[in-house]
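Listed below are the residues making up each chain.
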Amino acid sequence: MATVATSPHRKHRDGPPTEESPPGGRRRTTGNRAPWWFVLPALVFFAFAVLVPSVQGSYFAFTDWDGISPVKNFVGLDQFRKLWDDSAARDAVSTTLLAAVAITCVQNAIGLLLALGVNARIKSRNILRVFFFAPAVITPVVTAYLWKYLYAPEGAINALLKAVGLGSLTQDWLGDPDIALWSVVAVVIWQFAGYSMVIFLAGLQSIPQEIYEASAIDGAGPVRRFWSVVRPMLAPAITINLMLSIIGGLKLFDQVWVMTQGGPGGATDTLSTVIYKQAFQFNKYGYSIAMGLVLTLFVIVVSGLQYFYLSRQEKKNA
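The paragraphs below set out a description of the structure included in this document. (Residues numbered from 1 in each chain as written. Predicted model: local features only at pLDDT ≥ 70, side-chain atom pairs only at ≥ 80, totals over all residues. Heavy atoms only, no water.)

**With respect to the overall build of the protein**
The following threshold applies: A helix here means a DSSP run of H or I that spans at least four residues, while a strand means a run of E at least two residues long, and both kinds are numbered starting from the N terminus. Only protein chains enter the calculation, and the probe is 1.4 Å; a residue is then buried if its accessible area is under 20% of its type maximum, exposed if over 50%, and partly exposed in between. Throughout, a residue-residue contact means that at least one pair of heavy atoms, one from each residue, lies within 4.5 Å. For the area figures, the Shrake-Rupley method with a 1.4 Å probe applies, and any residue is considered shielded solely by the protein chains shown.
On a plain count of helices and strands, the protein comes out with 13 helices and zero strands. Overall, the protein shows an N-to-C arrangement of helices and strands of α-α-α-α-α-α-α-α-α-α-α-α-α. Burial analysis of the protein (318 residues in total) assigns 33% to the buried set. In the protein, once contacts between residues fewer than 6 apart in sequence are set aside, the share between residues at least 24 apart is 64%. Carbon together with sulfur atoms contributes 66% to the accessible area of the protein, which is approximately 20300 Å² in total.

**Side note on a nonpolar patch on the surface**
In plain terms, the rule: Candidates for patches are residues over 30% relative accessible area with no salt bridge; among them, like charges are joined within 9 Å and nonpolar side chains (Val, Leu, Ile, Met, Phe, Trp, Tyr) within 5 Å. In the sections that follow, a salt bridge refers to a side-chain nitrogen of Lys or Arg positioned within 4 Å of a carboxyl oxygen of Asp or Glu.
Where nonpolar side chains cluster on the molecular surface, the patch consists of Trp36, Trp37, Phe38, Val39, Leu40, Leu43 and Val44 and spans about 860 Å² of accessible area. Tracing the backbone through its elements, the reader meets Val44 in helix H1 (residues 36-58).

**A few points about the packing of helix H7 (residues 180-205) against helix H10 (residues 235-250)**
Stated precisely, the cut-off is as follows: Whenever a helix is involved, its axis is fitted only over the stretch in contact; in every case the axis is a line through C-alpha atoms, and angles between N-to-C directions fall within 0 to 180 degrees. Angle categories: roughly parallel below 35 degrees, roughly antiparallel above 145, roughly perpendicular from 65 to 115, and oblique for all the rest. Handedness of a helix crossing follows the sense of rotation of the near helix relative to the far helix, less than a right angle counterclockwise being left-handed and clockwise being right-handed. In this classification, the charged set is Asp, Glu, Lys and Arg, the nonpolar set is Ala, Val, Leu, Ile, Met, Phe, Trp, Tyr, Cys and Pro, and all remaining amino acids, among them Gly, are polar.
Viewed as axis vectors pointing N to C, H7 and H10 meet at an angle of 160°, and their least axial separation amounts to 9 Å. The orientation of H7 relative to H10 falls into the category roughly antiparallel. Our pair here, H7 against H10, has a crossing hand that is right-handed. Residues Tyr195, Ser196, Ile199 and Phe200 of H7 form the contact with H10, whose participating residues are Ala237, Ile238, Ile240, Asn241 and Leu244. Class assignment of the residues belonging to the contact of H7 with H10 gives a composition of seven nonpolar, two polar and no charged.

**Notes on the nonpolar core**
Rules: Among buried residues, the Ala, Val, Leu, Ile, Met, Phe, Trp, Tyr and Cys ones that are joined through side-chain atoms within 4.5 Å form a nonpolar core.
Grouped together as the largest cluster of nonpolar side chains are 19 residues, with contacts concentrated most on Ile103, Tyr151, Val185, Leu252 and Met259. Going through the elements one at a time, helix H3 (87-118), helix H5 (140-150), H7 and helix H11 (254-259) are the ones with two or more residues in this core. By residue number, the principal contributor to this core is H7, which donates six residues. Apart from residues no more than four positions distant in its own chain, Met259 is found in contact with Ala144, Trp147, Lys148, Tyr151, Leu174, Val184 and Val187.

**A word on H3**
To be explicit about the condition: Expected span of a helix, by definition, is 1.5 Å for each gap between consecutive residues, and there is one gap fewer than residues. What qualifies as a polar contact is a pair of N or O atoms within 3.5 Å, subject to a donor-acceptor requirement within protein and to the restriction that residues adjacent in sequence count only when both atoms come from side chains.
With 32 residues, H3 should reach 46 Å at 1.5 Å per residue; the first-to-last C-alpha distance of 46 Å fits that figure. The N-terminus of H3 is capped by Asp86, whose side-chain oxygen sits 3.0 Å from the backbone nitrogen of Ala88.

**Looking at the side chain of Asn108**
Here Asn108 shows up in helix H3. Asn108 gets classed as buried once you look at its relative accessible area, which sits at 7%. If sequence neighbours within four positions are ignored, Asn108 has contacts with Ile103, Ser196, Phe200, Asn241, Leu242 and Ser245.

**Some thoughts on the pattern of salt bridges**
Tallying each qualifying case throughout the model produces two salt bridges. Arg81 is paired through a salt bridge with Asp78; the nearest N and O atoms lie 2.6 Å apart. Taken together, the residues Arg81 and Asp78, both in helix H2 (residues 78-84) and three residues apart, mark about one turn of the helix. Asp269 is paired through a salt bridge with Lys277; the nearest N and O atoms lie 3.1 Å apart. With relative accessibility at 11%, the residue Asp269 sits in the buried group. A relative accessible area of 14% places Lys277 in the buried class.

**Focus: the packing of aromatic side chains**
This is how it is decided: The aromatic pairing rule takes the rings of Phe, Tyr and Trp, using the six-membered ring of Trp, and pairs them if the centres are within 6.5 Å, calling planes under 30 degrees apart stacked, those over 60 edge-to-face and the rest tilted.
Across all of its chains, the model carries 14 aromatic pairs by this definition. Between Trp147 and Trp190, the aromatic rings sit 5.4 Å apart at their centres with planes inclined by 65°, giving edge-to-face as the arrangement. With Trp147 in helix H5 and Trp190 in helix H7, this pair connects stretches of sequence that are 43 residues apart. In this structure Trp147 comes out as buried when scored by relative accessible area, which is 16%. Taking the centre distance of 6.1 Å and the plane angle of 40° together, the rings of Tyr151 and Trp173 count as tilted. Of this pair, Tyr151 sits in the loop between H5 and helix H6 (156-163) while Trp173 sits in the loop between H6 and H7, and the two are 22 residues apart along the sequence. On the accessibility criterion, Tyr151 (7% relative accessible area) is buried. Three or more aromatic residues joined by ring pairs make a cluster, and in this case those are Tyr59, Phe60, Trp65, Phe74 and Tyr285.

Here is the structure:
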(Lines give C-alpha, C1' and ligand atoms only; values in the text may rest on other atoms or scores of the structure.)
Protein backbone atom coordinates (compact mmCIF):
# COMPACT_ATOMS: atom_id res chain seq x y z
CA MET A 1 0.00 0.00 0.00
CA ALA A 2 1.46 3.36 -1.00
CA THR A 3 1.90 5.98 1.69
CA VAL A 4 1.19 9.64 1.11
CA ALA A 5 3.94 11.96 2.24
CA THR A 6 2.71 14.63 4.58
CA SER A 7 3.90 18.14 4.04
CA PRO A 8 4.86 20.30 7.01
CA HIS A 9 2.69 23.04 5.46
CA ARG A 10 -0.40 20.85 4.94
CA LYS A 11 -3.65 22.37 6.31
CA HIS A 12 -5.33 20.62 9.22
CA ARG A 13 -8.66 19.07 8.34
CA ASP A 14 -10.13 19.50 11.80
CA GLY A 15 -9.36 23.15 12.31
CA PRO A 16 -8.20 26.37 10.77
CA PRO A 17 -4.74 26.62 9.26
CA THR A 18 -1.96 27.18 11.74
CA GLU A 19 0.77 29.77 11.53
CA GLU A 20 4.26 28.40 11.08
CA SER A 21 7.06 29.98 13.01
CA PRO A 22 9.80 31.31 10.72
CA PRO A 23 13.44 30.50 11.36
CA GLY A 24 14.70 32.20 14.48
CA GLY A 25 11.60 31.42 16.56
CA ARG A 26 9.68 34.65 15.79
CA ARG A 27 6.01 34.33 15.02
CA ARG A 28 4.42 36.34 12.23
CA THR A 29 1.41 38.43 13.21
CA THR A 30 -1.47 38.64 10.79
CA GLY A 31 -3.72 41.03 12.74
CA ASN A 32 -4.31 44.60 11.71
CA ARG A 33 -2.05 47.02 13.47
CA ALA A 34 -3.23 50.47 14.52
CA PRO A 35 -2.20 52.98 11.85
CA TRP A 36 -0.03 54.97 14.23
CA TRP A 37 2.01 56.40 11.39
CA PHE A 38 -1.10 58.16 10.09
CA VAL A 39 -1.95 59.58 13.53
CA LEU A 40 1.61 60.64 14.37
CA PRO A 41 1.64 63.96 12.42
CA ALA A 42 -1.57 65.10 14.14
CA LEU A 43 -0.22 64.05 17.55
CA VAL A 44 3.02 65.94 16.96
CA PHE A 45 1.14 69.08 15.90
CA PHE A 46 -1.21 68.80 18.90
CA ALA A 47 1.71 68.44 21.29
CA PHE A 48 3.54 71.37 19.67
CA ALA A 49 0.50 73.69 19.56
CA VAL A 50 -1.35 72.70 22.76
CA LEU A 51 0.47 70.45 25.21
CA VAL A 52 3.90 72.07 25.27
CA PRO A 53 2.58 75.68 25.54
CA SER A 54 0.12 74.60 28.23
CA VAL A 55 2.82 73.01 30.35
CA GLN A 56 5.19 75.94 29.86
CA GLY A 57 2.45 78.46 30.57
CA SER A 58 1.42 76.68 33.76
CA TYR A 59 4.76 77.67 35.28
CA PHE A 60 3.69 81.33 35.21
CA ALA A 61 0.94 80.53 37.74
CA PHE A 62 3.71 80.27 40.33
CA THR A 63 5.23 83.65 39.46
CA ASP A 64 4.23 87.30 39.77
CA TRP A 65 4.74 88.01 36.06
CA ASP A 66 2.71 90.91 34.68
CA GLY A 67 2.79 89.65 31.09
CA ILE A 68 5.15 92.40 29.89
CA SER A 69 8.19 92.65 32.13
CA PRO A 70 11.03 90.15 31.55
CA VAL A 71 11.24 89.68 35.33
CA LYS A 72 9.37 86.63 36.59
CA ASN A 73 9.75 86.17 40.35
CA PHE A 74 8.82 82.75 41.68
CA VAL A 75 6.19 83.12 44.44
CA GLY A 76 5.11 79.52 44.93
CA LEU A 77 1.47 79.08 45.89
CA ASP A 78 0.86 82.74 46.72
CA GLN A 79 -1.31 83.25 43.62
CA PHE A 80 -3.54 80.34 44.60
CA ARG A 81 -3.84 81.62 48.17
CA LYS A 82 -4.83 85.02 46.81
CA LEU A 83 -7.54 83.34 44.78
CA TRP A 84 -9.45 82.18 47.86
CA ASP A 85 -9.42 85.70 49.32
CA ASP A 86 -10.65 87.34 46.10
CA SER A 87 -14.35 88.19 46.45
CA ALA A 88 -14.68 88.81 42.70
CA ALA A 89 -13.39 85.31 41.98
CA ARG A 90 -15.77 83.75 44.52
CA ASP A 91 -18.71 85.61 43.03
CA ALA A 92 -17.62 84.51 39.56
CA VAL A 93 -17.57 80.87 40.69
CA SER A 94 -21.14 81.05 41.95
CA THR A 95 -22.28 82.87 38.80
CA THR A 96 -20.55 80.29 36.60
CA LEU A 97 -22.16 77.38 38.44
CA LEU A 98 -25.59 79.02 38.33
CA ALA A 99 -25.34 79.70 34.60
CA ALA A 100 -23.97 76.23 33.83
CA VAL A 101 -26.78 74.46 35.72
CA ALA A 102 -29.46 76.62 34.10
CA ILE A 103 -28.04 76.12 30.61
CA THR A 104 -27.70 72.36 31.09
CA CYS A 105 -31.22 71.81 32.41
CA VAL A 106 -33.20 74.14 30.15
CA GLN A 107 -31.21 73.55 26.97
CA ASN A 108 -31.53 69.78 27.18
CA ALA A 109 -35.20 69.91 28.14
CA ILE A 110 -35.99 72.10 25.12
CA GLY A 111 -33.74 70.02 22.88
CA LEU A 112 -35.52 66.83 23.90
CA LEU A 113 -38.96 68.35 23.31
CA LEU A 114 -37.87 69.60 19.88
CA ALA A 115 -36.44 66.17 19.01
CA LEU A 116 -39.66 64.44 20.00
CA GLY A 117 -41.61 66.94 17.90
CA VAL A 118 -39.56 66.72 14.70
CA ASN A 119 -39.31 62.93 15.05
CA ALA A 120 -43.07 62.70 14.54
CA ARG A 121 -44.43 61.97 11.09
CA ILE A 122 -45.37 65.48 10.06
CA LYS A 123 -44.85 66.88 6.59
CA SER A 124 -42.76 69.86 7.68
CA ARG A 125 -40.39 67.92 9.95
CA ASN A 126 -37.35 68.35 7.66
CA ILE A 127 -37.88 72.11 7.39
CA LEU A 128 -38.33 72.36 11.16
CA ARG A 129 -35.11 70.44 11.77
CA VAL A 130 -33.15 72.91 9.65
CA PHE A 131 -34.92 75.87 11.25
CA PHE A 132 -34.19 74.75 14.83
CA PHE A 133 -30.59 73.73 14.12
CA ALA A 134 -29.67 76.88 12.13
CA PRO A 135 -28.64 79.03 15.16
CA ALA A 136 -26.04 76.44 16.19
CA VAL A 137 -23.98 77.03 13.02
CA ILE A 138 -23.66 80.77 13.73
CA THR A 139 -20.55 81.74 15.67
CA PRO A 140 -21.26 82.74 19.30
CA VAL A 141 -19.74 86.20 18.80
CA VAL A 142 -22.08 87.02 15.90
CA THR A 143 -25.04 85.69 17.86
CA ALA A 144 -24.09 87.78 20.88
CA TYR A 145 -23.84 90.99 18.84
CA LEU A 146 -27.23 90.27 17.25
CA TRP A 147 -28.95 89.78 20.59
CA LYS A 148 -27.14 92.75 22.11
CA TYR A 149 -28.98 95.00 19.66
CA LEU A 150 -32.25 93.14 20.24
CA TYR A 151 -31.87 93.60 24.02
CA ALA A 152 -31.11 97.33 23.76
CA PRO A 153 -33.54 99.67 25.60
CA GLU A 154 -34.83 100.85 22.21
CA GLY A 155 -34.27 97.48 20.57
CA ALA A 156 -36.64 95.11 18.83
CA ILE A 157 -37.73 93.20 21.94
CA ASN A 158 -38.94 96.24 23.85
CA ALA A 159 -40.46 97.67 20.68
CA LEU A 160 -42.39 94.44 20.12
CA LEU A 161 -43.67 94.43 23.70
CA LYS A 162 -44.90 97.98 23.30
CA ALA A 163 -46.51 97.17 19.96
CA VAL A 164 -48.61 94.36 21.44
CA GLY A 165 -49.67 96.40 24.46
CA LEU A 166 -47.21 94.90 26.95
CA GLY A 167 -45.15 98.02 27.51
CA SER A 168 -45.08 97.37 31.25
CA LEU A 169 -42.86 94.34 30.57
CA THR A 170 -40.11 96.32 28.85
CA GLN A 171 -36.77 95.98 30.62
CA ASP A 172 -33.19 97.11 30.48
CA TRP A 173 -32.31 93.51 29.70
CA LEU A 174 -28.53 93.83 29.91
CA GLY A 175 -28.36 96.77 32.32
CA ASP A 176 -30.38 95.35 35.20
CA PRO A 177 -28.21 93.25 37.56
CA ASP A 178 -31.20 91.06 38.44
CA ILE A 179 -31.93 89.89 34.89
CA ALA A 180 -28.70 90.49 32.95
CA LEU A 181 -27.33 87.00 33.63
CA TRP A 182 -30.59 85.32 32.64
CA SER A 183 -30.70 87.37 29.45
CA VAL A 184 -27.30 86.00 28.48
CA VAL A 185 -28.27 82.45 29.49
CA ALA A 186 -31.39 82.71 27.31
CA VAL A 187 -29.21 83.54 24.30
CA VAL A 188 -26.98 80.50 24.90
CA ILE A 189 -30.02 78.24 25.24
CA TRP A 190 -31.60 79.71 22.08
CA GLN A 191 -28.44 79.04 20.09
CA PHE A 192 -27.60 75.52 21.21
CA ALA A 193 -30.98 73.92 21.95
CA GLY A 194 -31.07 72.87 18.30
CA TYR A 195 -27.67 71.22 18.69
CA SER A 196 -28.99 69.15 21.58
CA MET A 197 -32.06 68.38 19.46
CA VAL A 198 -29.92 66.80 16.73
CA ILE A 199 -28.17 64.49 19.22
CA PHE A 200 -31.47 63.46 20.80
CA LEU A 201 -32.97 62.97 17.35
CA ALA A 202 -30.16 60.60 16.38
CA GLY A 203 -30.89 58.58 19.51
CA LEU A 204 -34.63 58.49 18.80
CA GLN A 205 -34.12 57.31 15.24
CA SER A 206 -31.90 54.45 16.44
CA ILE A 207 -34.82 52.95 18.41
CA PRO A 208 -36.54 50.20 16.36
CA GLN A 209 -40.13 50.94 15.40
CA GLU A 210 -41.15 47.48 16.61
CA ILE A 211 -40.46 48.55 20.20
CA TYR A 212 -42.92 51.44 19.90
CA GLU A 213 -45.53 49.12 18.41
CA ALA A 214 -45.03 46.47 21.10
CA SER A 215 -45.41 49.01 23.90
CA ALA A 216 -48.55 50.41 22.28
CA ILE A 217 -50.03 46.91 22.05
CA ASP A 218 -49.26 46.40 25.75
CA GLY A 219 -51.39 49.45 26.48
CA ALA A 220 -48.63 51.92 27.41
CA GLY A 221 -49.62 55.55 26.98
CA PRO A 222 -47.32 58.25 25.56
CA VAL A 223 -45.88 59.26 28.94
CA ARG A 224 -45.39 55.68 30.11
CA ARG A 225 -43.91 54.73 26.75
CA PHE A 226 -41.39 57.56 26.92
CA TRP A 227 -40.35 56.91 30.52
CA SER A 228 -40.10 53.11 30.33
CA VAL A 229 -39.06 52.55 26.71
CA VAL A 230 -37.62 55.67 25.10
CA ARG A 231 -35.73 57.18 28.04
CA PRO A 232 -33.54 54.12 28.82
CA MET A 233 -32.61 53.76 25.14
CA LEU A 234 -31.76 57.47 24.96
CA ALA A 235 -29.19 57.14 27.76
CA PRO A 236 -26.11 57.56 25.48
CA ALA A 237 -27.59 60.68 23.87
CA ILE A 238 -28.49 62.09 27.29
CA THR A 239 -24.94 61.50 28.52
CA ILE A 240 -23.40 63.27 25.52
CA ASN A 241 -25.74 66.25 25.73
CA LEU A 242 -25.30 66.72 29.47
CA MET A 243 -21.52 66.52 29.18
CA LEU A 244 -21.32 69.03 26.33
CA SER A 245 -23.71 71.52 27.91
CA ILE A 246 -22.16 71.47 31.38
CA ILE A 247 -18.64 71.92 29.99
CA GLY A 248 -19.80 74.71 27.71
CA GLY A 249 -21.59 76.41 30.60
CA LEU A 250 -18.53 76.26 32.86
CA LYS A 251 -16.36 77.82 30.13
CA LEU A 252 -18.91 80.49 29.17
CA PHE A 253 -17.11 83.57 27.86
CA ASP A 254 -17.95 84.79 24.34
CA GLN A 255 -21.58 85.71 24.88
CA VAL A 256 -20.92 87.34 28.26
CA TRP A 257 -17.98 89.39 27.06
CA VAL A 258 -19.68 90.67 23.92
CA MET A 259 -23.01 91.49 25.56
CA THR A 260 -22.07 92.77 29.04
CA GLN A 261 -18.29 92.41 29.59
CA GLY A 262 -19.20 91.02 33.00
CA GLY A 263 -21.44 93.94 33.99
CA PRO A 264 -23.41 95.53 35.30
CA GLY A 265 -21.34 95.69 38.47
CA GLY A 266 -19.92 92.21 37.93
CA ALA A 267 -23.38 90.60 37.91
CA THR A 268 -22.54 88.49 34.84
CA ASP A 269 -18.84 87.90 35.50
CA THR A 270 -17.89 84.26 34.98
CA LEU A 271 -14.56 82.66 35.75
CA SER A 272 -13.53 83.06 32.12
CA THR A 273 -14.26 86.80 32.03
CA VAL A 274 -12.46 87.37 35.35
CA ILE A 275 -9.43 85.51 33.99
CA TYR A 276 -9.46 87.69 30.88
CA LYS A 277 -9.70 90.91 32.92
CA GLN A 278 -6.89 89.92 35.27
CA ALA A 279 -4.58 89.13 32.36
CA PHE A 280 -5.31 91.89 29.83
CA GLN A 281 -6.79 94.74 31.89
CA PHE A 282 -4.97 94.51 35.22
CA ASN A 283 -1.71 92.96 33.90
CA LYS A 284 -1.81 90.18 36.50
CA TYR A 285 -0.77 87.46 34.13
CA GLY A 286 0.51 85.01 36.74
CA TYR A 287 -2.68 85.38 38.78
CA SER A 288 -4.85 84.82 35.70
CA ILE A 289 -2.94 81.64 34.85
CA ALA A 290 -3.52 80.38 38.39
CA MET A 291 -7.25 81.03 37.97
CA GLY A 292 -7.14 79.27 34.60
CA LEU A 293 -5.59 76.18 36.18
CA VAL A 294 -8.27 76.16 38.87
CA LEU A 295 -10.97 76.45 36.20
CA THR A 296 -9.41 73.59 34.23
CA LEU A 297 -9.30 71.32 37.27
CA PHE A 298 -12.84 72.36 38.16
CA VAL A 299 -14.13 71.41 34.70
CA ILE A 300 -12.27 68.09 34.81
CA VAL A 301 -13.66 67.17 38.23
CA VAL A 302 -17.25 68.18 37.48
CA SER A 303 -17.34 66.52 34.05
CA GLY A 304 -15.59 63.42 35.41
CA LEU A 305 -18.11 62.99 38.24
CA GLN A 306 -20.97 63.58 35.83
CA TYR A 307 -19.60 61.05 33.34
CA PHE A 308 -19.09 58.45 36.09
CA TYR A 309 -22.67 58.87 37.32
CA LEU A 310 -24.23 58.85 33.84
CA SER A 311 -22.19 55.81 32.80
CA ARG A 312 -23.53 53.89 35.78
CA GLN A 313 -27.05 54.93 34.84
CA GLU A 314 -26.48 53.68 31.29
CA LYS A 315 -25.35 50.29 32.58
CA LYS A 316 -28.46 50.04 34.77
CA ASN A 317 -30.72 50.84 31.83
CA ALA A 318 -28.91 48.45 29.48
